[in-house]
Amino acid sequence: MVAVTLPGALQRLFPGAPRRVEVAAATVAEAIDGLDARWPGMRDRICDSTPAIRRHINVFVDGERAALDTPLRPASALIVLTAISGG
Amino acid sequence: MATRVLVLLGTKKGAFILETDPDRRSWELRGPYCETWPMNHVIGDPATGAIYGAGGNEWFGPAVWRSTDLGATWSHSSAGLAYAAGEEPIKSVWSLAPGKGALYAGVQPAGLFRSDDAGETWRHLSGLRDHPTRPEWQAGGAGLILHSLVRDPGDDRKLWVAISAAGVFHSADGGETWEPRNRGTRADFNPEDQRYPEFGQCVHCLVMAPGMPDRLYQQNHCGMYRSDDGARTWQSIEAGLPSSFGFPAAAHPRDPGTLYLLPLNGDSAGRYVPDGKAAVWRTRDGGATWQDQRDGLPQKNVFFGVLRQAMATDPLDKAGVYFGTSTGAVYASRDEGDSWQCVAEHLPTVLSVETMVVEA
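Predicted, not measured: the structure shown is a model, and the values here were computed from it.

### A look at the overall build of chain A
Thought 1: In terms of helices and strands, chain A carries three helices and seven strands.
Thought 2: Mapped in sequence order, the helices and strands of chain A form the string β-α-β-α-α-β-β-β-β-β.
Thought 3: Its C-alpha atoms give chain A a radius of gyration of 12 Å, within 12% of the compact-globule value 12 Å for 87 residues.
Thought 4: The C-alpha extent of chain A, read off along each of the three principal axes, is 40 × 25 × 25 Å.

### Looking at the overall build of chain B
Thought 1: Regarding its fold elements, chain B presents zero helices and 28 strands.
Thought 2: Relative to the globule expectation of 21 Å for 360 residues, the C-alpha radius of gyration of chain B, 19 Å, shows essentially globular dimensions.
Thought 3: On the principal axes, the C-alpha backbone points of chain B span a range of 50 × 50 × 40 Å.
Thought 4: Sorting the 360 residues of chain B into buried and exposed places 52% on the buried side.
Thought 5: For chain B, contacts bridging at least 24 residues in sequence account for 51% of all contacts bridging at least 6.

### Describing the sheet that holds strand β19 (residues 235-236) of chain B
All names here are of chain B.
Thought 1: Within the open sheet, the four strands sit side by side as β16-β17-β18-β19. Their pairing is antiparallel. This sheet does not close on itself; its edge strands, each paired only once, are β16 (203-208) and β19.
Thought 2: With five bridges connecting them, β16 and strand β17 (residues 216-220) associate as antiparallel partners. What sits directly across from M208, in β17, is L216.

### Topic: the interface of chain B and chain A
Thought 1: On the side of chain A, 16 residues touch chain B, which itself brings 14 residues to the contact.
Thought 2: Partitioning the side of chain B that touches chain A into residue classes produces seven nonpolar, five polar and two charged.

### Description of the pairing of strand β1 (residues 3-11) of chain B
Residues and elements named next belong to chain B.
Thought 1: The buried count for β1 comes to seven of nine residues, which makes it a mostly enclosed element.
Thought 2: Strand direction decides the pairing type here: β1 and strand β28 (residues 350-359), joined by nine bridges, are antiparallel. Pairing of V5 across the sheet is with V357, part of β28.
Thought 3: Inspection of the sheet shows β1 paired to strand β2 (residues 14-20) by seven bridges, in the antiparallel sense.

### Examining the confidence of the model for chain B
Thought 1: With 100% of its residues at a pLDDT of 70 or more, chain B shows a mean pLDDT of 97.
Thought 2: Among the prediction metrics, the complex's ipTM stands at 0.94, with pTM recorded as 0.97.

### A word on the sheet that holds strand β22 (residues 280-283) of chain B
Residues and elements named next belong to chain B.
Thought 1: Spatial ordering of the open sheet is given by β20-β21-β22-β23, a layout of four strands whose pairing is antiparallel. Two strands in the sheet have a free side with no partner beyond their single neighbour: β20 (245-251) and β23 (291-293). Direction aside, neighbouring strands of the sheet carry axes that sit 30° apart on average.

### Regarding the environment of K277 of chain B
Residue and element names in this part refer to chain B.
Thought 1: By the secondary structure assignment, K277 is in the loop between β21 (259-264) and β22.
Thought 2: Considered as a pair, K277 and G119 are 158 residues apart in the sequence and their alpha carbons are 41 Å apart.
Thought 3: Look past the residues within four positions of K277 in its chain and what remains in contact with it is Q299 and V302.

### What about unusual backbone geometry?
Residues and elements named next belong to chain B.
Thought 1: With an omega dihedral of 0°, the bond running from Q108 to P109 counts as a cis peptide bond.
Thought 2: Topologically, P109 is positioned in the loop between β9 (103-108) and β10 (111-115).
Thought 3: Note that the residue after S164, namely A165, is joined by a cis bond; omega there is 5°.
Thought 4: Along the chain, the position of A165 falls in the loop between β13 (155-164) and β14 (167-171).

### Structural notes on helix α2 (residues 28-38) of chain A
All names here are of chain A.
Thought 1: Of all the residues in α2, the buried ones are V28, A31, I32, G34 and L35. Around the axis of α2, the buried residues are gathered within 150° of arc, so they sit on the same side.
Thought 2: On the buried face of α2, the contacting elements are β1 (2-5), β2 (20-23), α3 (42-46), β3 (47-48), β5 (57-61) and β7 (77-82).

### Focus on the environment of G324 of chain B
Residue and element names in this part refer to chain B.
Thought 1: Following the sequence through the fold, G324 ends up in strand β25 (residues 321-324).
Thought 2: On the basis of neighbour count, G324 is assigned to the buried category, with 32 C-beta atoms found within 10 Å.
Thought 3: For the pair G324 and L29, spaced 295 residues apart in sequence, the C-alpha separation works out to 14 Å.
Thought 4: Contacts of G324, omitting those with residues within four sequence positions, involve L9, V306, A310, V330, V350 and V353.

Cut-offs used in this document
Residues numbered from 1 in each chain as written. Chains lettered and ligands numbered in written order. Predicted model: local features only at pLDDT ≥ 70, side-chain atom pairs only at ≥ 80, totals over all residues. Helix = DSSP H or I, 4+ residues; strand = E, 2+ residues; numbered from the N terminus. Rg over C-alpha atoms; globule rule 2.2 N^0.38 Å. Buried ≥ 20, exposed ≤ 12 C-beta atoms within 10 Å, placed from the backbone. Contact = placed C-beta atoms within 7 Å. Pairing = 2+ DSSP bridges. Nonpolar A, V, L, I, M, F, W, Y, C, P; charged D, E, K, R; others polar. pLDDT = per-residue confidence, 0-100. Axes fitted to C-alpha atoms, helices over the stretch in contact; angles between N-to-C directions. Arc of directions from axis to C-beta.

Next comes the structure, spelled out in structure tokens:
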């Protein structure tokens, strides 16, 4: 199972979503699909319709910045972060 | 049961609600809501009592928020609120309008969506996206935004939208097909021999007169206009106003001849209220004559602007009039604009003002 860490700002949009969650996935896209299945709408908050990870969201896999097609190992750590943005 | 008067505010950092009773003398502020997202337009649907918020967040993208308990709790959705894969994604939702059982949303980049389940899911009305003039549309300062959504209350197939800076478009078939309706409105930013194009005008705000669905008013980047034929032709109504530039327009709830505007000092002069003095300008005769309303408004060293969706009226008798400023203040009139009071200040930049009166 892949260990996913969600940012607090995303958790607040989906009441009940924990800071850390485990999903079965072979790619980042599949991991986000797993999140969306548990919290409908979460994919739209992380990804745009290109489809791509949103410009001001960063996803890291095992310490490396990742894209939707980045492969995951069974014990990968996937971290979703809100990037610097706003004013 | 008590009558509750709500003034719904979209701001750069969240939605807020000002609440009062029909006397409209004492106000309470609630918020911020919607996780402090930029909220371009917050509306109430008087048929259901629901409040909807249109916005977009740099991190999380566009969504329509909904509250069914007058703001106490909110949910959000953007299911279906997307263009096809590979196209430029939607950045933000800019405008909302309730219809008969429907909810319409205008987005950036400009397009129109419809929900038939109170904002849970959306479908694209692709006629605007596929319009043959679209490749020539140019974005305004805020982007290519569909900011005004007007529907005929007696005929749900008839819609008008305003897009900066593509102009006014009309649909007679519920949004499937569209035609530009800009005849008579200027585009001063074009070469001299191209000042009255078929489309491409920088319309800032479009509103419908009450009880007269063929009468529309618009505040344009280049003038103020009235149409009495469903936007087929437009007549200038800017004579008597201090400038031809401004953003908002607000129709009276019952009198089709009364309109409120808030002209600014010009597009290249700071876009403040003229002469550093705040005034709402009111016509009672469809724009033939104008009166400046200043009682209670600051008259010295005023350098705020008021954005396109940031002025509204309420349906009470006498009608209330409201506007929110770029400096985070909200002014209210309980007597159709004759006198004003500041009812909130120190808010984020106010992006939209709407009203809803409910029995609750």
